[in-house]
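Read off the chains here:
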Amino acid sequence: MKVKVLCRNPDDYVRETTKDIQRVPRNYDPSLHPFEVPREFTRALNATKLERVFAKPFLASLDGHRDGVNCMAKHPTSLATLLSGSCDGEVKMWNLTNRECTRTLQAHEGFVRGMCARFCGTSFFTVGDDKTIKQWKMEAPSYGEEEEPLNTILGKAVYTGIDHHWKEGIFATCGQQVDIWDEQKSSPIRTFSWGVDSFSSVRFNPVETHLLASCASDRSIVLYDMREATPLKKVIMKLRSNTLCWNPMEAFHFTCANEDYNLYTFDMRRLDAPKIVHMDHVSAVLDLDYCPTGTEFVSASFDKTVRIFPKDQGRSREVYHTKRMQHVICVKWSSDSKYILTGSDEMNIRLWKAKASEKLGVLSQREKAALDYSEKLKEKFQHHPQVRRIARHRHLPKAVYSLSKELHVMKEARRRKERNVRKHSKPGSVPVVTEKEKHVVTVVK
Amino acid sequence: MAKKRNVEKSADTLKTPSLTVAQTVEDEDERELFKVDDAVISASEDEGGSDDERKHRKLLDAISSLGGKKRRKLAERSEASAQISEFSVSAEGAGEKITLGDLLGTIEKTAVITKTKKQLKNLQNRSDTLELPLSRKQTEKIQREVAYGKSSEEISSWQGVVLRNQKAEQLVFPLNQEPSGPKRVEQVVAGWKAQTPLEQEIFNLLRMNKQPVHDPVLTPTEEASLKAMSLEEAKIRRAELQKARALQSYYEAKAKRDKKIKSKKYHRVLNKAKRKEFLKEFEEMRKTDPASALEELEKMELARMQERMSLKHQNSGKWAKSRAIMAKYDNEARKAMQQQLEVNKELTKKLVIPSESRDEEGSEEGPEEAAVALPDFVNDVQPADATNPWMMGKLTAEAPEPAEGSDIEPPAEGVQQPENQEDGTDEEEVIEEEEVLLREFEERRKLRQSEKGDRDLVPVMPVEREEIVNEKDATGVVEISEDEEEEEEEEVSEFNSLFQKLAEKEQEAAMDAETTNSAKVEDHEEPALLEEGLTRLRTLEDMDLLSQEVSVEMDEPAALSTETPGSEETTIPQPSKKKKRKKNMIDCNEVLTKEAKVIKIPLAPTVIEEEEENEEVQKMIIKEAFAGDDVISDFLKEKRKLEEAGKPKVVDLTLPGWGEWGGLGLKPSRNKRRRFRVKADPPPPRQDKNLPSVIISEKRNSSITVHQVGQLPFPFASPEQFESCIRTPIGNTWNTQRTVQKLTAPKVVTQMGAIIEPITKEDFIKGKTLATTGKQPDISLSAGKGPNRGSKGPQKKGHPKRSQQKKTKNKPK
């Protein structure tokens, strides 16, 4: 006779190792777990509050420069290495994990205007006010060796910026004109000039590596193709752009930091109007850098703040500032997309977290799952006023706050005036100009 | 003229051989030939000219050398600038104007370039000049535009990638991550080439066999062999074999046990039983299937003949002789000899007509018996393979499956064995048993295939069978002893007959061991038992509830059991049960003393409760307590009031004294009042209009608005969409772990400490290149591939899951 018994598979209730958590069988019957929305809302609210509680983005300050930090460069292969050049011509190499300076060299007389590392990370280039381009070894010289550049090119005019090709031994400088150099040659292999102007920065496209863009002092942004003899196109804006940066994941998008407190994201193929206008700064934007994932960028401004913008939104999601940080001149986003580095006037380089409340270090699986869940909850309830109120609240220095208010008032006044003008003039005679169209003067072919 | 002749000559010399060689050359060839001729002509011409010149120069030299002064003339180097100035074409012959005709004059004689001549003439006739080249500025502009167009077109190739990334649920960085874990062999050995002769030989061999390198690592022949048997079939076949093997082992075990039993009485009884059984079977067969019965008879006849021919039971063997010696003194030995002789007699007895036959009894020891005996075995020993349906026991359900042919076979098999083989033949029997089984399986397979052809039958069949089995279970008790009924069954379809047999066997088994029957009875009673056992009592209230339920159920089952299902009566008792359960709730109608005014409302309250004695007292108490309380009418009043308040009021804007006299006792005229009374539109219907017992406040509640989303957020198209999004929970309280993982997957995933490089074309082209390499029969198939391939094919087929895992692991990136 066969006896029927209830039997269970031990796999269902026995944990594999003693370090596992106990398996708890769970009944997902919705009637047993009522009030889903209110409960999740509470969780979201708590998560938002916790996020704000843990939002401590400032990690470290690297001091050692004897003048304002004018430029920085990331090491292409080492996350822990940072190069910085100051206004007294000194270049310092930093170890970010130890937060200490590993090497100092007097590179130029006067400002170090620009610097970039070679794509392989073996050497780096600096340009300075002394009209020279210098190539340096990445390794420190051994004991007793002189600190000397590998290569020095003497130019006719001051170089204001430099950028290296992403794959080949080619670099570009800007000054009176945009030059493209072969590393092996002492004269530029190509020179672009379009009208008389001086350029403030030049950047290679990281994806389509033969493309470049530069910002000129005649308020224009010029595009080049390294293979062509002539520049491609020029867009002239209302005010000068200081720097620009290409999106590393979207070949045709670049963003420029403008003197009119805004940043503009352009599509290279449609220059007649920017794709998005990023507003929030209250003073000239001096530098920007894209997150390596291409989803966000960070901007440094003369108003002593650093802001993080999502690439497709007009307003910043985060603002960083400290009492001691002065005009932020240069900013970099680390290549693992986790940190932000800012160099400012008051001779310090600061290290920030890219996500203010992120927990650093290794996370356990459950921690990660919990964080993911709370992240999703915050996203889900982000539109609820209670959540939004907490999530969006930021403290601003008084100067910035009052300035932004003032700007708001000015803007309102302008808008009101425009509206009134339109109201009192013949219909159609005062066309509506959108915010995007306002800032581009013309596109020169 | 000389030149021409020369040319002709050369042409001839060229032509003739070609003609001699092949008369049937096609036109094209000829054309080619003529082209060659042309070339030859020009060449020979040049030759002739240069020849003349050289001769001329020689002549001049000779003449000059004749002269006295033997001054060697230095080779003069003429400067072009002397004749042609830097700025205009000709400085020397300034006055002369060169026309095209002058230039053409020299060519006139040659017949070849008529075409160019024509063109030049046309040019001469044309009067207009070429346009001025564009200014530098303009050319640059054009260049720029072209370059910009080109590069923007080039960069547009990223559009798809960018869009895809924007829409992607999740982005994982760095993009071009090397897959961790072991690589595939062909990836590792990609750049490797055969160098040693042995390697080359191996590769040659592999190539000759068209050994593919990549994904399906099967040669065409292997593939064909795989195709020959589908996965399903193979599985079934395997299961069958497994089952057969198991059965065999059971049989062996049983036979061994039987063999070990030393009791003669047991064997005697056993034999007798078998004989009886066989007789019964035979009897039955005679009725149902006379043909096969005849066949059996013939077999018996054969056995008799064999017995007569042999000396087996004639007491002439060694053993018999020894017995004969002993017989004088030993009773036992005598008996044994007697028996032998009896056996002989029995076997050699001539068979009477089938109707009377009963001598042949003992020879039957067939699979039928086995079929009866087997289920116990199968049940006792837990089948090793749970996934194998053949191992799941239930032999009784399967036995009827084989077609009629197979059904006849087992008894035939049984008869073939001469009875006298007795104990020693057990193993053989078992083996034959197995064969029979295998044959059965074979037939079953065929049956299945044919069923597959029929298609429609497939899903129906198993159900039918089960039903029939059930019927048999129910009616079996009656059928056991009565032969008449069996006769009636003859008309029933094949299946029925088959199952009937089955049922009989089962019954027999039941007779042998009544325990099984009792177990079945238990099975039937199970649900009721379970229902009782499941209720768990925790509190006194539970007890009360239970007692009520029991009382209800006492009434109910009777009604339910007597009535046939489907009638309305069965549905009626259930509501009553519900009502009784609700008893504990207090109905306001019962409790409240004042009778509420009956108001006609679209949805009248539906609850009407019966009075119950037990509750009477309590109700009375409540009635007393709420005496004079008219809650319902109060509620309705309140509701009406609210409705009134919600209605917009007429606004009277008349100002007395305007446009007419005003003062005490004077009213504004009706006309004026009518003009200045503002009637508002009726408000939208209230939400609780159709809900009699509910008041829904339609006032905007400021304490709630703080928590409400003011505007529809961007990506949502409608409030419903947004609400549904909010309503779906994502936490692990409401979802399974996997779902939660899916729902909460972060949008951007980065790896700690990994440098994220900008996107590159290689990230996307890589996959393509891998695919292309798959086509070419490259050498990289390598020695490492060889041993793998044998096992890989069947593995893939046999374990789709595992192979899938493998695939995902090795997915080329």
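Residues numbered from 1 in each chain as written. Chains lettered and ligands numbered in written order. Predicted model: local features only at pLDDT ≥ 70, side-chain atom pairs only at ≥ 80, totals over all residues. Heavy atoms only, no water.

A. Geometry of the overall build of chain A. Scanning chain A for helices and strands turns up 5 helices and 29 strands. Scored against the burial criterion, the 445 residues of chain A give a buried share of 50%. Counting only contacts in chain A whose residues sit at least 6 apart along the sequence, the fraction spanning at least 24 positions is 48%. Of the accessible surface of chain A, which amounts to about 22,000 Å², a share of 53% is contributed by carbon and sulfur atoms. (Helix = DSSP H or I, 4+ residues; strand = E, 2+ residues; numbered from the N terminus. Buried < 20%, exposed > 50% of the residue type's maximum accessible area, 1.4 Å probe, protein only. Contact = heavy atoms within 4.5 Å. Areas by Shrake-Rupley, 256 points an atom, 1.4 Å probe, with all protein chains shown as cover.)

B. Structural context of the interface of chain B and chain A. Across the boundary between the two partners, chain B contributes 57 residues, which contact 61 residues of chain A. The three residues of chain B that bury the most area against chain A are Arg144, Tyr148 and Trp734 of chain B, which together make up 16% of that side's buried surface. A salt bridge links Glu154 of chain B to Arg227 of chain A; the nearest nitrogen and oxygen atoms lie 3.2 Å apart. Joining chain B to chain A, the criterion identifies 22 residue pairs in polar contact (both at pLDDT 80 or more). For the side of chain B that touches chain A, the elements supplying multiple residues, two or more each, are helix 6 (136-155), helix 7 (159-167), helix 32 (719-727) and helix 33 (737-743) of chain B. (Buried area = accessible area lost by both parts, 1.4 Å probe. Salt bridge = Lys/Arg side-chain N within 4 Å of Asp/Glu carboxyl O. Polar contact = N/O pair within 3.5 Å; in protein donor to acceptor, adjacent residues only side chain to side chain.)

C. Spotlight on helix 12 (residues 264-288) of chain B. Residues and elements named next belong to chain B. Taking 1.5 Å of rise per residue, 25 residues should cover 36 Å, and helix 12 covers 35 Å from first to last C-alpha, within 8% of that figure. The set of residues buried in helix 12 consists of Lys274, Phe278, Leu279, Phe282, Glu284 and Met285. The opening residue of helix 12, the one whose side-chain oxygen lies 3.4 Å from the backbone nitrogen of Lys265, is Ser263. (Expected span 1.5 Å × (residues − 1).)

D. View of the environment of Ile221 of chain A. Residues and elements named next belong to chain A. Along the chain, Ile221 falls in strand 16 (residues 220-225). Of the residues examined, Ile221 reaches a relative accessible area of 0% and is grouped as buried. Considered as a pair, Ile221 and Ser201 are 20 residues apart in the sequence and their alpha carbons are 9.8 Å apart. With near-sequence residues (within four places) excluded, Ile221 lies in contact with Ser214, Lys233, Lys234, Val235, Met237, Ser241, Leu244, Phe254, Cys256 and Phe266.

E. Examining unusual backbone geometry more closely. With an omega of -5°, the peptide bond running from Phe173 of chain B to Pro174 of chain B counts as cis. With a phi close to 60°, Phe35 of chain A is a non-glycine residue in the positive phi region. For Phe35 of chain A, the position within the fold is in the segment before helix 1 (36-54). The class of Phe35 of chain A is exposed, set by a relative accessible area of 61%. Phi is positive for Arg99 of chain A, which is not a glycine, with a value near 55°.

F. Layout of helix 6 of chain B. Here helix 6 of chain B is 20 residues long and its end C-alpha atoms lie 28 Å apart, about the 28 Å a rise of 1.5 Å per residue gives. On its buried face, helix 6 of chain B sits against strand 15 (211-216), strand 16 and strand 17 (231-237) of chain A together with helix 7 of chain B.

G. Molecular detail of the nonpolar core. Formed by 34 residues in total, the largest nonpolar core has its most connected members in Ile221, Leu223, Leu244, Phe254, Phe266 and Met268 of chain A together with Trp158 of chain B. Setting aside anything within four residues of it in sequence, one finds Phe254 of chain A in contact with Ile221, Leu223, Leu244, Cys245, Trp246, Asn247, Tyr264, Thr265, Phe266, Met268 and Leu271 of chain A. (Core = buried A, V, L, I, M, F, W, Y, C linked by side-chain atoms within 4.5 Å.)

H. A look at the packing of aromatic side chains. Residue and element names in this part refer to chain A. Tallied over the full model, the rule gives 13 aromatic pairs over all chains. Each member of the aromatic cluster is reached from another via a ring pair, and the members are Phe125, Tyr159, Phe171 and Trp181. Over the ring of Phe252 we find Arg269, and its NZ or CZ is 3.8 Å from the ring centre. (Phe/Tyr/Trp six-rings, centres within 6.5 Å; stacked < 30°, edge-to-face > 60°. Lys NZ or Arg CZ within 6 Å of the ring centre and 35° of its normal.)

I. Region of interest: the pairing of strand 3 (residues 81-86) of chain A. All names here are of chain A. With 6 of its 6 residues buried, strand 3 lies for the most part within the structure. Burial along strand 3 is two-sided: Thr81, Leu83 and Gly85 facing one way and Leu82, Ser84 and Ser86 facing the other are all buried. With 5 bridges joining them, strand 2 (residues 69-74) and strand 3 adopt antiparallel strand pairing. Residue pairing across strands places Lys74 opposite Leu82, the latter belonging to strand 3. In textbook terms, the turn of a hairpin is the stretch between consecutive antiparallel strands, and for strand 2 and strand 3 this stretch comprises 6 residues. Judged from the 5 bridges that link them, strand 3 and strand 4 (residues 90-95) form a sheet pairing that is antiparallel. (Pairing = 2+ DSSP bridges.)

J. Region of the structure containing the sheet that holds strand 20 (residues 262-267) of chain A. Residue and element names in this part refer to chain A. Read from one edge to the other, the open sheet built from 4 strands follows the order 18-19-20-21, with strand pairing classed as antiparallel. Unpaired on one side and paired on the other, strand 18 (241-246) and strand 21 (276-279) mark the two borders of the sheet. Taken over all neighbouring pairs, the strand axes of this sheet differ in orientation by 20° on average, direction set aside. Summarising the sheet, strand 20 and strand 21 pair through 4 bridges and their orientation is antiparallel. In the strand pairing of strand 21, Asn262 is matched with Met279. (Axes fitted to C-alpha atoms, helices over the stretch in contact; angles between N-to-C directions.)

K. Structural context of the packing of helix 1 of chain A against helix 2 (residues 365-380) of chain A. All names here are of chain A. Close contact between helix 1 and helix 2 brings their axes to 8 Å; oriented N to C, the two are set at 105°. The orientation of helix 1 with respect to helix 2, classified from their angle, is roughly perpendicular. Each of Glu40, Arg43, Ala44, Ala47, Thr48 and Glu51 in helix 1 lies in contact with helix 2, whose residues at this interface are Tyr373, Ser374, Leu377, Lys378 and Lys380. Grouping the amino acids of the contact of helix 1 with helix 2 by side-chain chemistry returns 4 nonpolar, 2 polar and 5 charged. (Parallel < 35°, antiparallel > 145°, perpendicular 65-115°, else oblique. Nonpolar A, V, L, I, M, F, W, Y, C, P; charged D, E, K, R; others polar.)

L. Molecular detail of the pairing of strand 4 of chain A. Residues and elements named next belong to chain A. In terms of residue burial, strand 4 counts as a mostly covered element, since 6 of its 6 residues are buried. Alternating residues of strand 4 divide into Glu90, Lys92 and Trp94 and Val91, Met93 and Asn95, and every residue in both groups is buried. Between strand 3 and strand 4, which follow one another and run antiparallel, lie 3 residues, and Gly89 among them has a positive phi close to 85°. Where strand 4 meets strand 5 (residues 100-106), 6 bridges bridge the pair, whose relative direction is antiparallel. Paired with Met93 across the two strands is Arg103, which belongs to strand 5. The antiparallel pairing of strand 4 with strand 5 creates a hairpin that spans 4 residues between the two strands, and Arg99 there sits at a positive phi of about 55°.

M. Looking closely at a negative patch on the surface. Residue and element names in this part refer to chain A. Residues Asp11, Asp12, Glu16 and Asp20 make up a contiguous surface patch of negative charge. When you line up the elements, Asp11 lands in the segment before helix 1. Accessibility expressed as a relative area gives 53% for Asp11, which makes it exposed. (Patch = residues over 30% accessible without salt bridge, like charges linked within 9 Å, V, L, I, M, F, W, Y side chains within 5 Å. Lys, Arg positive; Asp, Glu negative; His and termini not counted. Charge placed at Lys NZ, Arg CZ, Asp CG, Glu CD.)

N. Up close: the sheet that holds strand 6 (residues 112-117) of chain A. Residues and elements named next belong to chain A. Spatial strand order, 6-7-8-9: 4 strands in an open sheet with antiparallel pairing. With partners counted over all chains shown, the strands left at the sheet margins are strand 6 and strand 9 (151-154), one partner each. Across the sheet, the mean angle separating the axes of adjacent strands is 15° when strand polarity is ignored. Here 5 bridges tie strand 7 (residues 123-128) to strand 8 (residues 132-137), and the two strands are oriented antiparallel to one another. Paired with Ser123 across the two strands is Lys137, which belongs to strand 8.

O. Geometry of the pattern of salt bridges. Residue and element names in this part refer to chain A. The tally for this structure, following the rule as stated, stands at 37 salt bridges over all chains. Measuring nitrogen to oxygen at the nearest pair gives 2.6 Å for the salt bridge that ties Glu250 to Lys311. With a gap of 61 residues between them, Glu250 in the loop between strand 18 and strand 19 (253-258) and Lys311 in the loop between strand 24 (306-310) and strand 25 (318-320) connect regions that are remote in the sequence. Relative accessible area serves as the criterion here: at 5%, Glu250 is assigned to the buried category. Each of the salt bridges in this network shares a partner with another, and the network as a whole consists of Glu51, Arg52, Glu375 and Lys378.

P. Inspection of the side chain of Asn258 of chain A at higher detail. Residue and element names in this part refer to chain A. In this fold, Asn258 is placed in strand 19. On the accessibility criterion, Asn258 (0% relative accessible area) is buried. At 3.2 Å, the side chain of Asn258 and the side chain of Ser241 are in polar contact. Setting aside residues up to four positions removed in sequence, Asn258 forms contacts with Met237, Leu239, Arg240, Ser241, Asn242, Tyr264, Ala284 and Val285.

Q. Structural detail: a positive patch on the surface. Residues and elements named next belong to chain B. A cluster of basic side chains, namely Lys264, Lys265, Arg268, Lys272, Lys276, Lys280 and Lys335, defines a positive patch on the protein surface. A per-element tally of the positive patch places helix 12 first, with 6 residues. For Lys265, the position within the fold is in helix 12. A residue is classified by how much of its surface remains accessible, and Lys265, at 60% relative accessible area, is exposed.

R. Geometry of the confidence of the model for chain B. Residue and element names in this part refer to chain B. When pLDDT is averaged across chain B, the result is 65; 47% of the residues are at 70 or more. Model confidence for chain B, summarised as mean pLDDT per element, is weakest for helix 25 (residues 568-571) at 36 and strongest for helix 32 at 93. Every residue in residues 1-47 is under pLDDT 50, and counting partners more than four places away or in other chains gives 10 contacts. (pLDDT = per-residue confidence, 0-100.)

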